[in-house]
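Notes for the structure review
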Amino acid sequence: MSSLTNPVNWVLAAVLGYISYNYFSASAAPPPPAPRPRPLAMVFREYTPKELAEFDGRTEDTRILMAVQGKVFDVTRGRNFYGPDGPYGNFAGRDASRGLAKNSFEKSMLAPIDGPVDKLDNLDDDEKEALSDWAVHFEGKYQLVGKLIENKD
Ligand code: HEM
């Protein structure tokens, strides 16, 4: 029996073909995409209103921080809300407490960056409760990265 007519050789040729096809197509496959760099974790620290204002997310690669009831949260992953074109962009880099308490994103709700921290002592009970509810929302959703303190000068 010649080697071409021997069925054992056909089977061997088929197996060899299958193995070499797999070998070459695997080596031709593009390399897997590099993992996306994870954002660096932020160390918990104190922020004055002036320092906080630097984290307003004006450029794509900057963090967005926001203060609620004296706590500073990293809301960067909520860029759709707090980015320059977001509905709550006013709160980026600012103390949002009064606006959240009064359910308003008007600019007048924001204490001046170079002034004292808003004491919030003239809020009524409903507003205080609304603010506390928001604080719970932010604690559940975002990383707590700092504490709001008075400006130093
Ligand atoms: C005009 C009426 C408003 C509409 C239709 C609206 C709509 C929404 C919607 C759809 C969400 C997303 C909810 C989610 O997916 O969890 C949201 C979240 C939010 N809204 Fe409004 N909103 C309005 C008014 C306001 C006002 C006046 C404030 C001012 C304090 C406000 C502050 C917020 C905040 C802080 C969030 C949470 C964003 C986050 O989780 O980071 N909204 N709003």
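Residues numbered from 1 in each chain as written. Predicted model: local features only at pLDDT ≥ 70, side-chain atom pairs only at ≥ 80, totals over all residues. Heavy atoms only, no water.

Looking at an unreviewed UniProt entry, the protein carries the name Cytochrome b5 heme-binding domain-containing protein, with the source organism given as Dissophora globulifera. Of the comments in the UniProt record for the protein, the one headed Subcellular location (unreviewed entry) reads "Endoplasmic reticulum". As its UniProt record puts it under Sequence similarities (unreviewed entry), the protein is described as follows: "Belongs to the cytochrome b5 family. MAPR subfamily." (UniProt positions renumbered as here; feature names shortened; annotations may be inferred.)

When its secondary structure is counted, the protein shows five helices and four strands. Along the protein, helices (α) and strands (β) appear in the sequence α-β-α-β-β-α-α-α-β when read from the amino end. Residue burial in the protein is summarised as follows: out of 153 residues, 35% are buried. Of all intrachain contacts in the protein linking residues separated by at least 6 positions in sequence, the fraction that spans at least 24 positions is 60%. A total of about 10,500 Å² of accessible surface is found on the protein, and carbon and sulfur atoms cover 60% of it. (Helix = DSSP H or I, 4+ residues; strand = E, 2+ residues; numbered from the N terminus. Buried < 20%, exposed > 50% of the residue type's maximum accessible area, 1.4 Å probe, protein only. Contact = heavy atoms within 4.5 Å. Areas by Shrake-Rupley, 256 points an atom, 1.4 Å probe, with all protein chains shown as cover.)

What the protein offers the iron atom of the ligand as a donor is a single atom, Tyr88 (OH), at 1.8 Å. Topologically, Tyr88 is positioned in the loop between α3 (79-82) and α4 (97-101). (Donors = N, O, S within 2.8 Å, 3.2 Å for Na, K, Ca; no water.)

Turning to the site of the ligand, a few remarks are in order. Around the ligand, the surrounding shell holds 14 residues, and the nearest of these are Tyr82, Tyr88, His137, Lys141 and Tyr142. Here an oxygen atom of the ligand sits 2.6 Å away from a polar atom, N or O, in the side chain of Tyr82. Here a nitrogen atom of the ligand sits 2.7 Å away from a polar atom, N or O, in the side chain of Tyr88. Considering every element that reaches the shell around the ligand, the biggest residue donor is helix α5 (residues 125-141), with four residues. (Near = heavy atom within 4 Å. Polar contact = N/O pair within 3.5 Å; in protein donor to acceptor, adjacent residues only side chain to side chain.)

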